[in-house]
Amino acid sequence: MKNKVMKTMPDLSRRDFIKASTALGAATLASSASRMFAAGSDKIRLGLIGCGGRGTYDTTNCLNAAENVELVAMGDLFADRLERCRSRLTEKLGDKVKVTNDTCFTGWDAHKKVLGCDVDLVILTEPPGFRPSHLRAAVEADKHVFMEKPVAVDPVGVRSVIESSKMADRKGLTIVAGTQSRKMAHLIEGMKRIHDGDIGEIISGQCVRLGGGMLTWSEQTKQRQPGWSDMEWQLRRWLFMTWLSGDFIVEMHIHNLDRMNWAMGAHPVQCIGMGGRQARTGPEYGNCYDHIAVEYEYPGGVRIEYMGSQIDKVTYRQDNRVIGTKGKAYTDSGNLIIEGDKPFKYDGPSPSPVIKQHADQIAAIRSGEHLNEGKRIAESTLTCIMGRMSAYTGRALKWDWAMNASKLDISPPKYEFGDLETRPVAIPGKTQLV
Amino acid sequence: MRNKTIQTTPDLSRRDFMKASAALGAMSLGVSTNKIFAAGSGKVRIGLIGCGGRGTHDATKCLNSSQNVELVAMGDTFGDRLESCRKRLKQNLGEKVKVTDDACFSGFDAYKNVLACDVDMVILTTTPHWRPMQLKAAVEAGKHVFMEKPVAVDPVGVRSVIASSELADKKGLTIVAGTQMRRISHLVAGIKSIHDGAIGELVSGQCVRLGGGMLGWGPKQRRPEWSDMEWQIRRWLFITWLSGDFIVEMHVHNLDVMNWAFNAHPVQCIGMGGRQVRTGPEYGNCYDHFAVEYEYPNGVRVEYMGSQIDGVTNRNDQRLVGTKGRAYTDFGRVVIEGPGKAEYAWDRVDPCIKQHADQIAAIREGKRLNEGRRIAESSLTAIMGRMSAYTGRALKWDWAMNASKLDLSPPKYEFGDLEMRPVAIPGKTQLI
């Protein structure tokens, strides 16, 4: 099963058809793509790239989101992760999992091999550090993409994702990002009211997510195994390695900051942040921080404060608030409450957003609708990344600089199992803004 | 000069007169006090308790603020600090410094000895830890008090300061606190306009002070002859039981401005922080960064971000967001944005002079002037932020003010062993 050479499909697959159509240009291609799934229930063949917990979860939801969706190929760096995921998926989903030993791939090229299979859509759930290169390869291979948040760990990666998203548009491919908040009914209704002016002009806001040290995360990798190279150790502990996860503000709290961008209908123009690690200080927690606070400034001089931590036994909080000239809106993962001139409390249904995000995408693929969340999730990712960059360095920085000029690329010199020093924990005032 | 016994003044001093009047009760005492300085220029005799940099600064400003003010007694834990302060004051102020060797006191009891001298007013500029007990002693001794901010490092101290302030009112004594921002012209005018509704109803605010690692401050190398206690007191800025940590020690200025603008103190807070740069033992157990969300009445959230770190982007400003505009303040100006657009600039009058001039005028005119409760509340604002950051726990004002038992004092005041308390770890350090 390790590093299997892909089996070439002899028939003219839909993928091949799309490839053949590229010469016709973006507009025609888009309509070609539409026609392909015009029946509305054509089989969608899915490839999973990244077989960890989130990969297993997303695949389950995707296969349950719509009829006639099958998982046909899987790839992961590690065979043990892939096998565990495969057996769990087969258990849960039975016939929908059509993966054979020949369509299971491991190692650094696993994603390329999955992309070389006859799949229409891939789920990208490797650690975030790999997202830009995997997205690029997927779009180049004409695949629709569902990708988990965040989609990059540095500005260089963000720019790559935006490029790839533009390419996807040209090719008529859909991209959906795993920011399921965007599909939550109470938030959709609340944001609509905010955007309709129910709280007046937005003049301030807070984004708070505190607690949850993740100390029990991947318990089996806490103790470094003797056979593991530096690279393997870092990959196994990816959540706590900035080059892989982006740190928790990027990896996890992007959900919360994405909601602020959504409410504001914009991304920040500048930020200044602080942070450190005060509780998770052991080497098993790599080089990530455990608390970060950032003041984001949005257009019109509107300041939004973010406070985030991953520390056990503190007071837990998770909520966003936006203040307008005529009221305020409070949101968390279950509630939306508007106070002021036009009070409102959402009490409608709450269909599962993690099912809906896949259902929407599969419907769009079949109906040929444009659906591309690439740029939006890239911007939310950069929102978090710039906060982390500011906290790590202690320097204020501007969006335009981060988006266009920052050269920060935290990828390792080479992708192979061998020596790789864990980068030191950032020290504000010493760590350079790059 | 060390631990001198005080010289008794043979004549019936003003202090003795006040003492004698104590039986007459608060109201009449106030009137008595008024009468003493009725001429408007009666001599005011100052005692300085705490002869560090700030003590030198405040004594200088105080003596320069009004006519006929003299420094007559000095006290400090350390003889060397006292001597260097005395020398500098003498240089700066010449004749106004009337301190004799007999009126210089050192050691842990120095403040008691200064209070026993014939002084009308004392300047309290020892490290913040000592403020509550020294204020209490000063008020009990019938002295007017100028005290530097912050005025406590824990809720137990805050409660003591409030009790002493109430006692000062009863005795007709003035108390002024060294939050000179309250007397900077542009803030006075700007905040008045906010109170008058220039930006509508306040709905949000930010208080940001970033930068300045204080790495060059104080003696960095511990001398072999210094006990733990002496080392900690010499490095007091970085020892929480002495300074309260920088959010309390320094940034109380900034948080006090927010309390002023809101005309209230917070009702609750949640904070975070740590030390990421100043991690050496010479930086004691203080943090180098804090962020706190304060909630004021009516659910208004104000965010504070503070750090003492070198090489970062420096910021020091407050902003208030109202339904009809915004106000931005820093050391030099207040800018009101919105329909009530205005800008207030500093009139160049030194607020550090003004605070003393105001107090001396109040003493002479017998006017009530007592900033004790207000500065106690601003100190608690900062203390509760630190407590939340150290523990990771949200907490309420009422609990901190009335129920918290946190008392950071050492078991005893003597030069000897004293273990450095560990740096706080959120989620582990207990909320007391």
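Here the structure is shown first, and the text comes after it.
To keep things clear, this report deals only with the structure shown in the data block. Note that the structure is predicted; figures quoted are calculated from it, not measured.

### Digging into the overall build of chain B
Summing up its helical and strand segments, chain B has 15 helices and 15 strands in all. Expected size for 432 residues packed as a compact globule is a radius of gyration near 22 Å; at 22 Å, chain B falls within 12% of this value. Considered along the principal axes of its C-alpha atoms, chain B spans approximately 60 × 55 × 40 Å. Taking all 432 residues of chain B together, 61% fall into the buried category. Counting contacts in chain B only where the partners sit at least 6 residues apart, residues at least 24 apart contribute 76% of the total.

### Thoughts on the packing of helix α12 (residues 254–264) of chain A against helix α14 (residues 374–393) of chain A
Residue and element names in this part refer to chain A. Contact geometry of α12 with α14 gives a least axis separation of 9 Å together with a crossing angle of 115°. As the angle between them shows, α12 and α14 are arranged roughly perpendicular. Crossing of α12 against α14: the hand is right-handed. On α14, the residues touching I254, L257, D258 and N261 of α12 are R376, I377, E379, S380, T381, T383 and C384.

### What to know about the interface of chain A and chain B
Chain A puts 48 residues into the contact, and the matching count from chain B is 49 residues. Buried surface at the junction of chain A and chain B, summed over both partners, amounts to about 3,500 Å²; 56% is from carbon and sulfur atoms. On inspection of chain A and its partner chain B, the count reaches four salt bridges. Breaking the side of chain A that touches chain B down by element, the ones donating at least two residues are β7 (202–210), β8 (270–276), β9 (291–298), β10 (302–309), β11 (317–324) and β12 (327–331) of chain A. Counting residues per element, the side of chain A that touches chain B draws most heavily on β10(A), which supplies six residues. Across the side of chain A that touches chain B, the residue classes break down as 21 nonpolar, 16 polar and 11 charged.

### Quick notes on the sheet that holds strand β7 (residues 202–210) of chain B
Residues and elements named next belong to chain B. Read from one edge to the other, the open sheet built from nine strands follows the order β14-β13-β12-β11-β7-β10-β9-β8-β15, with strand pairing classed as mixed. The sheet is open, and its two edges are formed by β14 (342–345) and β15 (395–396), each paired on a single side. As paired strands, strand β9 (residues 289–296) and strand β10 (residues 300–307) are joined by eight bridges and run antiparallel to one another. In the strand pairing of β10, H289 is matched with S307. Contacts between helix α12 (residues 252–262) and the sheet are confined to β7, β9, β10 and β11 (315–322), with β7 contributing the most and set at about 165° to the helix. Across the sheet, helix α14 (residues 372–391) lies against β8 (268–274), β9 and β15, angled at about 60° from β8, the strand it touches most.

### Some thoughts on helix α6 (residues 131–140) of chain B
Each turn of an α-helix holds 3.6 residues, which means side chains three or four residues apart point in the same direction. All names here are of chain B. Burial runs high along α6: seven of the 10 residues are buried. Within the span of α6, buried status applies to R131, P132, Q134, L135, A137, A138 and V139. Summarising the contacts, the buried residues of α6 are in contact with β1 (44–49), α5 (110–115), β4 (121–124), β5 (144–147), α7 (155–171) and β6 (175–177). With its phi angle positive at about 75°, G142 sits one or two positions after the end of α6.

### Focus on the pairing of strand β2 (residues 69–76) of chain B
Residue and element names in this part refer to chain B. Burial analysis of β2 places eight of its eight residues in the buried class, which makes it a mostly covered element. With six bridges connecting them, β1 and β2 associate as parallel partners. Residue L48 lies in a different strand from β2, and its bridge partner there is M74. The β-α-β motif built from β1, the intervening helix α3 (residues 53–65) and the parallel element β2 has right-handed crossover chirality. Bridge count between β2 and strand β3 (residues 104–106): three bridges; the pairing is parallel. Considered in β3, the bridge of D76 is made with S106.

### A few points about the sheet that holds strand β4 (residues 121–124) of chain A
Residue and element names in this part refer to chain A. Ordered in space as β3-β2-β1-β4-β5-β6, the six strands form an open sheet in which the pairing is parallel. The sheet is open, and its two edges are formed by β3 (104–106) and β6 (175–177), each paired on a single side. Each strand of the sheet is rotated relative to its neighbour by a mean of 20°, with strand direction disregarded. Bridging between strand β1 (residues 44–49) and β4 involves four bridges; their strand directions are parallel. Each bridged residue has a counterpart across the sheet, and for I49 the counterpart in β4 is L124.

### Notes on the environment of A382(B)
Turning to its location among the elements, A382(B) is positioned in helix α14. Sequence separation of A382(B) and G244(B) is 138 residues, and the distance between their C-alpha atoms is 8.8 Å.

### Quick word on the packing of helix α8 (residues 185–195) of chain B against α12(B)
Residues and elements named next belong to chain B. Where α8 meets α12, the closest approach of the two axes is 9 Å, and the angle between their N-to-C directions is 40°. When the axes of α8 and α12 are compared, the pair comes out oblique. Seen from α8, the contacting residues are L187, V188, I191 and H195; seen from α12, they are V257, W260 and A261. Counted by class, the contact of α8 with α12 contains six nonpolar, one polar and no charged residues.

### What about α14(A)?
An ideal rise of 1.5 Å per residue puts 28 Å on 20 residues; α14(A) measures up with 28 Å between its terminal C-alpha atoms. Positive backbone phi, at 80°, marks G394(A), one or two positions downstream of α14(A).

Criteria and cut-off values
Residues numbered from 1 in each chain as written. Chains lettered and ligands numbered in written order. Predicted model: local features only at pLDDT ≥ 70, side-chain atom pairs only at ≥ 80, totals over all residues. Heavy atoms only, no water. Helix = DSSP H or I, 4+ residues; strand = E, 2+ residues; numbered from the N terminus. Rg over C-alpha atoms; globule rule 2.2 N^0.38 Å. Buried < 20%, exposed > 50% of the residue type's maximum accessible area, 1.4 Å probe, protein only. Contact = heavy atoms within 4.5 Å. Axes fitted to C-alpha atoms, helices over the stretch in contact; angles between N-to-C directions. Parallel < 35°, antiparallel > 145°, perpendicular 65-115°, else oblique. Left-handed = near helix turned anticlockwise from the far one by under 90°. Buried area = accessible area lost by both parts, 1.4 Å probe. Salt bridge = Lys/Arg side-chain N within 4 Å of Asp/Glu carboxyl O. Nonpolar A, V, L, I, M, F, W, Y, C, P; charged D, E, K, R; others polar. Pairing = 2+ DSSP bridges. Right-handed = clockwise from strand over helix to strand, strands pointing away. Expected span 1.5 Å × (residues − 1).

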